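Structural overview
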Amino acid sequence: MPARNTVQRAIIDDALRRLANHPTADEVYEAVRAEHPSIGKATVYRTLKRLSDEGEIGRVRINNGADHFDHQSFSHYHVRCERCGRVDDVMIPLLGEGVNEAAAKASGYRILGHVLQFDGVCPACQTAEKNDEASTA
């Protein structure tokens, strides 16, 4: 059953697209609450889940961290900064079906898909590290 196109759904989707920085559900809620204080946290969480389940938005599952949401729903990879937690897109060719088949053969699982997360230090944190090193030298 397709979801109703409610006012709340439109507000939440608009907030996610305006943020455009892979926010967590809490960050989307804070953005929505700033303009629409009557919309509850549970509504935001439920709507983000529904939008991601329907393929309207992407859900970025972060290892050992809160899920982030992506206004772009097409398949692509992500990188997470180990210092500040920022999440960005990595636009490189996707691993093909061969990797899923190899994983199935090696594990005995029926593979439904895969997720690849890069971890690193974002440019802003690299700059801050260099500034810290320079000030202590």
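See the structure above.
The text that follows walks through the structure, step by step, so that each part is easy to find. (Residues numbered from 1 in each chain as written. Predicted model: local features only at pLDDT ≥ 70, side-chain atom pairs only at ≥ 80, totals over all residues. Heavy atoms only, no water.)

1. Brief notes about the overall build of the chain
For the chain, the helix and strand inventory stands at five helices and five strands. For the chain, the sequential pattern of α-helices and β-strands runs α-α-α-β-β-β-β-α-β-α. In terms of C-alpha radius of gyration, the chain reaches 18 Å, well past the compact-globule figure of 14 Å for 137 residues. Projected onto its principal axes, the C-alpha coordinates of the chain cover approximately 55 × 50 × 25 Å. Looking at the chain as a whole, 28% of its 137 residues are labelled buried. (Helix = DSSP H or I, 4+ residues; strand = E, 2+ residues; numbered from the N terminus. Rg over C-alpha atoms; globule rule 2.2 N^0.38 Å. Buried < 20%, exposed > 50% of the residue type's maximum accessible area, 1.4 Å probe, protein only.)

2. Details of the pattern of salt bridges
Inspection of the entire model under this criterion finds 12 salt bridges. With a shortest N-O distance of 3.2 Å, aspartate 119 and arginine 80 are connected by a salt bridge. Here arginine 80 lies in strand 3 (residues 77-81) and aspartate 119 lies in strand 5 (residues 117-120), a separation of 39 residues in the sequence. Under the relative-accessibility criterion, arginine 80 is labelled buried at 18%. Among the charged side chains, a salt-bridge network with shared partners connects Asp14, Arg18 and Glu35. (Salt bridge = Lys/Arg side-chain N within 4 Å of Asp/Glu carboxyl O.)

3. Quick word on helix 2 (residues 25-35)
One turn of an α-helix holds 3.6 residues; hence residues three or four places apart share an orientation. Among the residues of helix 2, those classed as buried are Ala25, Val28, Tyr29, Ala31 and Val32. For helix 2, the angular spread of the buried residues around the axis is 165 degrees, confining them to a single face. Of the surrounding secondary structure, the elements contacted by the buried residues of helix 2 are helix 1 (7-19), helix 3 (41-53) and strand 2 (68-70). (Arc of directions from axis to C-beta. Contact = heavy atoms within 4.5 Å.)

4. Topic: unusual backbone geometry
Positive phi values are uncommon outside glycine, yet alanine 20 reaches one of about 45 degrees. Mapped onto the elements of the fold, alanine 20 is located in the loop between helix 1 and helix 2. For alanine 20, a relative accessible area of 37% gives the class partly exposed. Residues other than glycine seldom take positive phi values, yet histidine 22 does so here, at roughly 60 degrees.

5. Observations regarding the sheet that holds strand 4 (residues 87-90)
Reading across from one edge, 4-3-5 is the order of the three strands in this open sheet, with mixed pairing throughout. Both outer strands of the open sheet, strand 4 and strand 5, are each paired with one neighbouring strand and no more. Mean inter-strand twist for the sheet, computed between neighbouring axes without regard to direction, equals 30 degrees. Here four bridges tie strand 3 to strand 5, and the two strands are oriented parallel to one another. Each bridged residue has a counterpart across the sheet, and for cysteine 81 the counterpart in strand 5 is glycine 120. (Pairing = 2+ DSSP bridges. Axes fitted to C-alpha atoms, helices over the stretch in contact; angles between N-to-C directions.)

So, to be careful, I would describe these as geometric facts and stop short of saying anything about function.
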